[in-house]
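# A closer look at the structure
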Amino acid sequence: MLGKVFPFLKWFRGYSAAALRSDGISGLTVALVLIPQSMAYAQLAGLPPYYGLYAAFLPPMIAALFGSSRQLATGPVAVVSLMTFASLAPLATAGSERFIGYAIVLALMVGVVQLTLGVLRLGLVVNFLSHPVVNGFTNAAAIIIATSQLSKIFGVHVDTAEHHYETVLRVAAAAVRFTHWPTFFLGVLAFAVMFILKRIAPRVPNVLVAVALTTLISWAAGYQHNAVVEMSAVQSPKLHEQVRRFNDTLADIARLGEERLEAALRLEHAKASGESVAILNAVHDVDLLSMTIELRKEKAHLYREALRAMILKGIPRAGGGTWFYPAAEAPPGMADDGYRWRIHVGNNPVDTERLRLTGGGDVVGVVPKGLPAFTLPKIDLALTLHLLPYAAIISFLGFMEAISIAKAMAGKTGQRLDPNQELIGQGLANLIGAFGKSYPVSGSFSRSAVNLQAGAVSGLSSVFTSLTVVIMLLFLTPLLYHLPQSVLAAVIMMAVIGLINVHGFVHAWKAKSTDGIISIIAFVCTLIFAPHLDKGIMVGVVLSLLVFLYKVMRPTFAVLARYEDQAFRCAETHGLRECEHISLIRFDAPLFFANASFLEDQVTERMRAKKNLKHIVIAANGINDMDASGEETLSLLVDRIRSAGLDVSLSGVNESVMKVLKRTHLDVKIGEDHIFPTMERAIEKIHPEAHRDIEEAECPLQTVCYLPDTPPKKEVAHVSN
């Protein structure tokens, strides 16, 4: 009982000092990769980088203690981070306090969903996400993740558009005019370091080396160069007017938002009272205000883009300080300070008393020192209901990623996995992590591979990883201040390269053309609907279910004949001639309400098409279950066949179907002498009677007989009668 409740107790059976040393080295090695990766993935999720460290603190340890895999490394991962951003972006501004609070609530909900599924042993529900759908989504997500980092690589700032591809086009247009070359070169340098080290020294933590080197360069070269001045220091009345209009527009949006909230409350009260006129007025007010807000947002976007496009030159004053002029309006003959200054414009009004100007690149900045405060996330019922579908999708995707990695490693270590226990471990990691300000996490393929290669023996390696992150949070956060944002973007882009798997499409197509089509459609829809990634997944899931239902309703129906290996095989597939007097048919599906009429139609068609037919043998090997509708259809089918002057038999009936036949007494109706254990026994008994007084040189049920246009490829020995 203790082993089931506390699975980590099993680690210590035969545990040795050598194993402890291996786990310690493995945990430290994984931490060296996890720390920079977690900060990068937090940015991908729309959170400040240090929230990645919070997500790397408790979850790895909790998932290892209560999961079933001893080498799985849990923490922030690319796909779950992207899904987190996609889920919350419509609700709040990325990086805001509200957005952060929602991300923590989302982690709590993901944990509850996964833990519930694990406790109820319902891990099989993740099978609704078929492999082709996951493959299509993952490939599209990799492209979306990589392209979402382009703005940081080029050092430009743009507004997020309704569709991801529109945002990418905005970034491309901005990069042509405003690329910050030091930012770009640091990102390229990080790429080169990670790529080269991965090739020539795979055991060296290439991510850590790239981060350390570029952070050192950033600090030494003064890569970040910002200034905070009063608006009066900018010598441009036109720019002052643009800032005023931008701030006024944002103030209008805030005011209209309050009015829309009041109108929405009036609408709720009107619906509760049932006053139709009040409802119509409230709906009109809400729609009108929503339309006005959208128009104001478009205007604010244009103002924001104009301000971001403004390049300023800094001219030193004679008495100290600096005047800032638009590049086209700078006084001729005066030397500037050498920087290309730009106004820092976000989603909030520009502070004219403390105007932020940037003349360098973006860095991580101040990382709060110490561990996060452990608090219960604020839960709102309306928010919970809104986030529930996203929490379910993230739960399924995260668990599929984790269990796939765990299974791959278990194949190498010989460890036995319990998927439901792994669900419990992942659920507790997200649930408890939310109390420590973590956002949703899952198992990481790259860090798990590092853990395994470093010689991890048990989940204690993940405990050591968490302890290393604790040391970083307590003592070493100042070292992260000068880490360039473009380097974190390069870390993300380098990591998601491994998610791109073109072979997955080819493999799915070869296995089943419909699976290949579903995979491609899921891929295309995810790209088109981005950043609404849930729509791409849902399209794939719905298509998979529709194909499944179609296959169930119209299963494989085959007419059999003797083949070269002496087995009975599909006559149409192998170009075999059919017997004119005995029809040996096979139905490859459970016989139930959805497909019973299909069997009836196919048998009726055989009776109509074959004028010399005397006996129908239903090879029931593929019928592994039967419901009341299926039994009723089979009973009526027996009556119809025999009323037409033909006979019918069954062969290969399994135990579950035979129980149904006996309980309904259909076995008596068919006749015990008409139910055979194998197809061979059925043909042996039926063939002489069906061919009485008939001259037939070769019977396709006893001899291999090809159709005239399908000659045999080799000599085949005939079966004697």
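See the structure printed just above.
Residues numbered from 1 in each chain as written. Predicted model: local features only at pLDDT ≥ 70, side-chain atom pairs only at ≥ 80, totals over all residues. Heavy atoms only, no water.

Alanine 530 connects to proline 531 through a cis peptide bond whose omega is 10 degrees. Locating proline 531 in the fold gives a position in the loop between α20 (513-529) and α21 (533-553). For lysine 437, which is not a glycine, the phi torsion comes out positive at approximately 65 degrees. By secondary structure assignment, the location of lysine 437 is in the loop between α15 (419-435) and β7 (442-443). (Helix = DSSP H or I, 4+ residues; strand = E, 2+ residues; numbered from the N terminus.)

Before going further, it helps to spend a moment on the packing of aromatic side chains. Taken as a whole, this structure holds 17 aromatic pairs when the rule is applied. Look at phenylalanine 85 and phenylalanine 99: their rings are 6.3 Å apart centre to centre, the planes differ by 50 degrees, and that puts the pair in the tilted class. Taken together, the positions of phenylalanine 85 in helix α5 (residues 78-88) and phenylalanine 99 in helix α6 (residues 97-119) put the pair 14 residues apart, joining distant regions of the chain. A relative accessible area of 23% means that phenylalanine 85 is categorised as partly exposed. A relative accessible area of 0% means that phenylalanine 99 is categorised as buried. A network of ring pairs unites the aromatic residues Phe8, Trp11, Phe12, Tyr15 and Phe66 as a single cluster. Above the plane of the ring of tryptophan 323 lies arginine 317, whose end atom (NZ or CZ) is 3.9 Å from the centre. Positioned over the ring face of phenylalanine 178 is arginine 342, at 4.8 Å from the centre of the ring. (Phe/Tyr/Trp six-rings, centres within 6.5 Å; stacked < 30°, edge-to-face > 60°. Buried < 20%, exposed > 50% of the residue type's maximum accessible area, 1.4 Å probe, protein only. Lys NZ or Arg CZ within 6 Å of the ring centre and 35° of its normal.)

This next bit is on the pattern of salt bridges. For side chains bearing opposite charge, pairing can occur when the charged atoms are close. Taken as a whole and assessed by the stated rule, the structure comprises 24 salt bridges. For arginine 266, the salt bridge goes to aspartate 285, with nearest N and O atoms at 3.1 Å. Remark: aspartate 285 occurs in helix α13 (residues 276-308) and arginine 266 occurs in helix α12 (residues 237-273); sequence separation between them is 19 residues. When its relative accessible area of 41% is taken as the criterion, arginine 266 is described as partly exposed. One salt bridge in this structure joins aspartate 639 and lysine 669, with 2.7 Å as the shortest N-O distance. Residue aspartate 639 is found in helix α24 (residues 628-643), and its partner lysine 669 is found in helix α26 (residues 666-670); the two are separated by 30 residues along the sequence. The exposure class of lysine 669 is partly exposed, given its relative accessible area of 33%. Bridged by salt links that share partners, the residues Asp159, Arg304, Glu305 and Arg308 form one connected network. (Salt bridge = Lys/Arg side-chain N within 4 Å of Asp/Glu carboxyl O.)

Along the chain, glutamine 149 turns up in the loop between α7 (131-148) and α8 (150-154). On the accessibility criterion, glutamine 149 (2% relative accessible area) is buried. Here glutamine 149 is in contact with Leu44, Ala489, Ile492 and Met493, once residues within four sequence places are set aside. (Contact = heavy atoms within 4.5 Å.)

Another aspect to go through is the nonpolar core. Among the nonpolar cores identified, the biggest contains 106 residues, and Met39, Leu47, Phe137, Met194, Tyr439 and Leu533 are the most heavily contacted of them. Ranked by residue count, the leading element in this core is α6, at 14 residues. Ranked by size, the runner-up nonpolar core spans 32 residues in total, among them Leu591, Ala596, Met607 and Val648. (Core = buried A, V, L, I, M, F, W, Y, C linked by side-chain atoms within 4.5 Å.)

A few words on the packing of α7 against α20. Axis separation between α7 and α20 bottoms out at 7 Å; the angle between their running directions is 30 degrees. Taken together, α7 and α20 sit at an angle that is classed as roughly parallel. The crossing of α7 and α20 is right-handed. The segment α7 lies against α20, with Pro132, Val133, Asn135, Gly136, Phe137, Asn139, Ala140, Ile143 and Ile144 engaging Asp515, Ile518, Ser519, Ala522, Phe523, Thr526 and Leu527. Grouping the amino acids of the contact of α7 with α20 by side-chain chemistry returns ten nonpolar, five polar and one charged. (Axes fitted to C-alpha atoms, helices over the stretch in contact; angles between N-to-C directions. Parallel < 35°, antiparallel > 145°, perpendicular 65-115°, else oblique. Left-handed = near helix turned anticlockwise from the far one by under 90°. Nonpolar A, V, L, I, M, F, W, Y, C, P; charged D, E, K, R; others polar.)

All quantities given are derived from atomic positions and should not be read as evidence of function.
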